[in-house]
Amino acid sequence: MPESPSKTVTEAVGPRPAALPSSPAEASKAPKVAAASLIGTTIEYYDFAVYGTASALVLGPAFFPSGNATVSSLAAFLTFAAAFLSRPLGVVLFGTIGDRLGRRQALVASLLLMGVATVGVGLLPTYETAGLLAPVLLVTLRLLQGISMGGEWGGAVLLAAEHAPPGRRALYAAVPNVGPSLGFLLSSAVILPTLNIVGRDGFTEWAWRVPFLLSTVLVVVGLWVRTTVTESPVFKASASPSAPAAVSTASRFPLGTLVARYPGRLLLGTGAAIGGSAVYYLTIVYSLSYGPKTLGIPQNTMLTAASVGAAAGIAITLPVARLADRVGRRPVMLAGAIGCVVWAVPMYASLSSGNALVITGAYTVGLMLLALMFSPMAAFLAELFPARLRYTGASAAFILANTLGGGFAPLVATWLNSQWSSPLVLGFYTGGLCLVSLLCLLALPETREEEFAA
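A few points on the structure. These figures come from a predicted structure and were not determined experimentally.

Section: the overall build of the chain
Helix and strand counts for the chain stand at 21 helices and 0 strands. When burial is assessed residue by residue, the chain has 61% of its 454 residues classed as buried. Considering only contacts within the chain whose residues lie at least 6 apart along the sequence, 87% involve residues at least 24 apart. Only carbon and sulfur atoms are counted for the fraction: they give 71% of the accessible area of the chain, which is about 16100 Å².

Set out below in structure tokens:
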């Protein structure tokens, strides 16, 4: 029978073996594994951030020319959403690999796929050169990026969390969560100087390709790091012949088993992450287009505000995770969710001022509240599921939230602002999704004390 959302994991699956001992050898590997997980997520979100920024600046007219700027922007953001639609395929593919063959193999494959797709975007001909073939190829590569992303986050989080010393699981699981903001900062560090050097015209004409092509170097480094780390000791223990039969066979059909046994946890876990996804993508992606095109705010002002806010979020991510190891995941995430519900409208209302300091301050507070909600989320989602379903379970919840709350957010926001010409609608939309997350968190149990072995 499907589990009840109020049950603990132990109640849902029966008694578990004791937690794995943390030997000095395993403990010494944990920082390296966490670093490898961070490098991978940073690279993958760098690639995504580069595309998101390029969508806001140049990809609409280059690949979807139209006399209507809104139509062109919608088409570019639709390709952004396309990558989210293919993410569930990545969950199925890499979740199966990760739960059956190991976390490390899935992570190496996902990073390689992302690198090939991103460099491919940088080499594409535009509509002017290739006609309809150009947008078709762009959408195809975006779908491949989405499949890669479907397997990245869950694997990176699990590799770090399952190597973590006792009492520090949230801390180690949060390290890969720094990757999205770090990836955005890295993309800004490439795009802003490029814009300043070649100007808007030069960037539109050819220099937009530079950030995509630079991904080659990052992927090579990331692959080298990831191939040198060891497999998760938790996975190795759950895959051993001595593991209980129910545990060792659960991964033959991980997605089907997940849906059959844990529908409540999957849905509530998705809801718990949906509001934070909306905050992140509306701030980091959509507003970079909306501010300059609709409100006349300078592009550099928007990029700087988002960058400062992202840096502030990074600065508190690990301290917040350490707090979640001490007091529990839910109290910290609930505080962040409440803060995001309350702050959503003031944050986007700041765009009406046009003042760089006001916008930067509002974005900084918003992204720090997001860190409260998202920093413990990695450990929390992983702890909702047993080891041989954990890659698929954590990935599915997070990716569904990203798809529903983040992937479609720019499209929904573009439509909302075509109906009501006020940034306040962004706040109400985001605040509503954060309220959903708050309610889902209230319905889920605390997971800090859950055994993490099998």
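Overview of the nonpolar core
Of all hydrophobic cores here, the largest spans 108 residues; its most connected members are Phe63 and Leu381. Sorting elements by how many residues they give to this core places helix α14 (residues 263–295) first, with 15 residues. Apart from residues lying up to four places away in sequence, Phe63 is in contact with Leu124, Pro125, Thr126, Tyr127, Ala134, Pro135, Leu138 and Trp208. Counting residues in hydrophobic clusters, the runner-up holds 13 residues, among them Val33, Ala36, Ile147 and Leu159.

Overview of empty space enclosed by the protein
This model, assessed by the stated rule, comprises 3 cavities of 30 Å³ or more. The computed volume of the largest cavity comes to approximately 260 Å³. Considering the residues around the largest cavity, the lining is formed by 21 residues, among which Asn177, Ser181, Tyr280, Leu370 and Phe374 are closest to the centre. Only α9 (178–207), α14, α15 (299–327), α17 (356–374) and α19 (387–407) provide two or more residues apiece to the lining of the largest cavity. Considering each element in turn, the lining of the largest cavity owes the most residues, 5 residues, to α15. Its residues placed into classes, the lining of the largest cavity shows 13 nonpolar, 8 polar and no charged.

Here we look at the side chain of Thr317
Its place among the elements puts Thr317 in helix α15. Overall, the relative accessible area of 7% leaves Thr317 in the buried class. In contact with Thr317, not counting residues within four places along its chain, are Ala174, Val178, Ala371 and Ser375.

Quick notes on the pattern of salt bridges
Oppositely charged side chains may form a pair once their charged atoms are brought near each other. Taken as a whole and judged by the stated rule, the model has 9 salt bridges. Taking the shortest distance from any N to any O, the salt bridge between Arg169 and Glu383 comes out at 2.7 Å. Taken together, the positions of Arg169 in helix α8 (residues 169–174) and Glu383 in helix α18 (residues 377–383) put the pair 214 residues apart, joining distant regions of the chain. For the residue pair Arg169 and Glu383, the accessibility class agrees, reading buried in each case.

Observations regarding the environment of Leu132
In this structure, Leu132 sits in the loop between α6 (127–130) and α7 (133–161). Through-space distance from the C-alpha of Leu132 to that of Phe63 is 8.5 Å; in sequence the pair is 69 residues apart.

A short note on the environment of Val259
Relative to the elements of secondary structure, Val259 occurs in helix α13 (residues 254–261). Once the C-alpha coordinates of Val259 and Gly393 are considered, the two residues, 134 residues apart in sequence, prove to be 8.9 Å apart.

A word on the packing of helix α16 (residues 329–349) against helix α21 (residues 424–443)
The contact between α16 and α21 brings their axes to 7 Å, and the two run at 170°. Here α21 runs roughly antiparallel to α16, going by the angle between their axes. Residues Arg330, Met333, Leu334, Ala337, Ile338, Cys340, Val341, Ala344, Val345, Tyr348 and Ala349 of α16 pack against Leu424, Leu426, Gly427, Phe428, Thr430, Gly431, Cys434, Leu435, Leu438, Leu441 and Leu442 of α21. Across the contact of α16 with α21, the residue classes break down as 18 nonpolar, 3 polar and 1 charged.

A few points about a nonpolar patch on the surface
On the surface, a cluster of nonpolar side chains totalling about 210 Å² of accessible area is made up of Val92, Leu255 and Val259. Locating Leu255 in the fold gives a position in helix α13.

Here we look at the packing of helix α4 (residues 87–100) against helix α5 (residues 103–123)
Their axes nearest at 6 Å, the elements α4 and α5 cross at an angle of 150°. In this view, α4 runs roughly antiparallel relative to α5, as classed from their interaxial angle. Contact residues: Phe94, Ile97, Gly98 and Asp99 in α4; Arg103, Gln105, Ala106, Ala109, Ser110 and Leu113 in α5. Considered class by class, the residues forming the contact of α4 with α5 number 5 nonpolar, 3 polar and 2 charged.

Criteria and cut-off values
Residues numbered from 1 in each chain as written. Predicted model: local features only at pLDDT ≥ 70, side-chain atom pairs only at ≥ 80, totals over all residues. Heavy atoms only, no water. Helix = DSSP H or I, 4+ residues; strand = E, 2+ residues; numbered from the N terminus. Buried < 20%, exposed > 50% of the residue type's maximum accessible area, 1.4 Å probe, protein only. Contact = heavy atoms within 4.5 Å. Areas by Shrake-Rupley, 256 points an atom, 1.4 Å probe, with all protein chains shown as cover. Core = buried A, V, L, I, M, F, W, Y, C linked by side-chain atoms within 4.5 Å. 1 Å grid on protein atoms, 1.4 Å probe; cavity = no way out; pocket = protein on both sides within 12 Å on 5 of 7 lines; lining within 4 Å. Points joined across faces, edges and corners; volume = space filled by probe spheres on them. Nonpolar A, V, L, I, M, F, W, Y, C, P; charged D, E, K, R; others polar. Salt bridge = Lys/Arg side-chain N within 4 Å of Asp/Glu carboxyl O. Axes fitted to C-alpha atoms, helices over the stretch in contact; angles between N-to-C directions. Parallel < 35°, antiparallel > 145°, perpendicular 65-115°, else oblique. Patch = residues over 30% accessible without salt bridge, like charges linked within 9 Å, V, L, I, M, F, W, Y side chains within 5 Å.

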